[in-house]
Amino acid sequence: MEKLNLTPESENSAEDTRNRDQKLGEAALEENFRVERVATWAGYYHDTERAYRRHRKAAQRIEYEDIVEWEDRATISFNNMKSAEKNARFSSRYERDRVERIGTLDPDESIEGDAGIFYLRRQRALNKAIEESDDKNKTADLQAGEELYRLVNEHLYYEHDYDTRSMDPRYYQSKRRAAHNALIHHLNYMNSLARKYNVRPFTFRDFEDNDFPYSEKLDVGGHTNARAEFDRSAVEAYCRNAFSSAYEKAEKDNH
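Residues numbered from 1 in each chain as written. Predicted model: local features only at pLDDT ≥ 70, side-chain atom pairs only at ≥ 80, totals over all residues. Heavy atoms only, no water.

Some remarks on helix H2 (residues 64–88)
Next up, step 1: When the terminal C-alpha atoms of H2 are compared, their 36 Å separation across 25 residues agrees well with the 36 Å that a helix rising 1.5 Å per residue should span.
Next up, step 2: Positive backbone phi, approximately 55°, marks Arg 89, located one or two places after H2. (Helix = DSSP H or I, 4+ residues; strand = E, 2+ residues; numbered from the N terminus. Expected span 1.5 Å × (residues − 1).)

If you want it as structure tokens, here you go:
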């Protein structure tokens, strides 16, 4: 076989190709590492939630000190997951949700949902901090708790609007969805108020709504849909614990 005689130009070209391939390989490894960090911290968050689930089944009742301890544990893993998520530079929420798999958790037995048991305690602490402050918006900020209660009742109204559901299911779903998302947004807002006034937030993290263009085709495995449902159900579990009498009345009046 004739030996190939490389010219200096072709030697440089081959070297450039090798360098380019090496850099691409290193970039791919770095990206995989970043994604794996998200998955690792998501796994720790899952483990904390599932350990809490076992704890609440064994405990006769959930004490305030319990929920604070479990919130602190979950905060570490969840916040590290969110930080790693930024570095991973996911191409879409579908890719992110396939890695984090938050929708596999149980919202009705979650740390987030059970925090609602202590809503009044935290709401009083927030109001006290607001009243003692010199903030120019303190009068409006004091209305946040009343607004949450109003939104809970609005959500319950649309949840149990069976006449509309039978006559116009699409309209019923749109109003119910809007009321639920408004509830999510306001609970997130109350968390931001708590941070503003340096008291403990109502939940250790904020929640996502389902008000975004959704593609079932892109949602391979259904993880984005499941994540949205988890957050919606966790907020509902929170509100059911926080305003149990309102939920009991709505169910009694509509059955």
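This is not the end of the story, as more comes after the structure.
Re the packing of aromatic side chains
Each aromatic ring pair is specified by the distance between its two centres and by the angle formed by the two planes.
Next up, step 1: Taken as a whole and assessed by the stated rule, the structure comprises twelve aromatic pairs.
Next up, step 2: Here Tyr 45 and Phe 78 contribute two aromatic rings whose centre-to-centre distance is 5.2 Å and whose plane-to-plane angle is 70°, an arrangement assigned as edge-to-face. In this pair, Tyr 45 sits in helix H1 (residues 8–58) while Phe 78 sits in helix H2, placing the two residues 33 residues apart along the sequence.
Next up, step 3: Residue classification places Tyr 45 among the buried positions, given a relative accessible area of 0%.
Next up, step 4: For the ring pair Tyr 149 and Phe 243, a centre distance of 5.6 Å and an interplane angle of 50° mean the geometry is tilted. Highlighted residues: Tyr 149 in helix H7 (residues 144–159) and Phe 243 in the loop between helix H10 (223–242) and helix H11 (244–253), separated in sequence by 94 residues. (Phe/Tyr/Trp six-rings, centres within 6.5 Å; stacked < 30°, edge-to-face > 60°. Buried < 20%, exposed > 50% of the residue type's maximum accessible area, 1.4 Å probe, protein only.)

A few points about empty space enclosed by the protein
In this approach a probe as big as a water molecule rolls over the atoms, and the regions it shows empty are the leftover space.
Next up, step 1: By the definition in use, this model includes one cavity of 30 Å³ or more.
Next up, step 2: By volume, the largest cavity amounts to about 40 Å³.
Next up, step 3: Taken together, Arg 93, Arg 96, Asp 97, Glu 208, Phe 212, Thr 224, Arg 227, Ala 228 and Asp 231 form the lining of the largest cavity.
Next up, step 4: Mapped onto the lining of the largest cavity, the elements with two or more residues apiece are helix H3 (93–100) and H10.
Next up, step 5: Among the elements that make up the lining of the largest cavity, the one with the highest residue count is H10 (four residues).
Next up, step 6: A class-by-class count of the residues in the lining of the largest cavity yields two nonpolar, one polar and six charged. (1 Å grid on protein atoms, 1.4 Å probe; cavity = no way out; pocket = protein on both sides within 12 Å on 5 of 7 lines; lining within 4 Å. Points joined across faces, edges and corners; volume = space filled by probe spheres on them. Nonpolar A, V, L, I, M, F, W, Y, C, P; charged D, E, K, R; others polar.)

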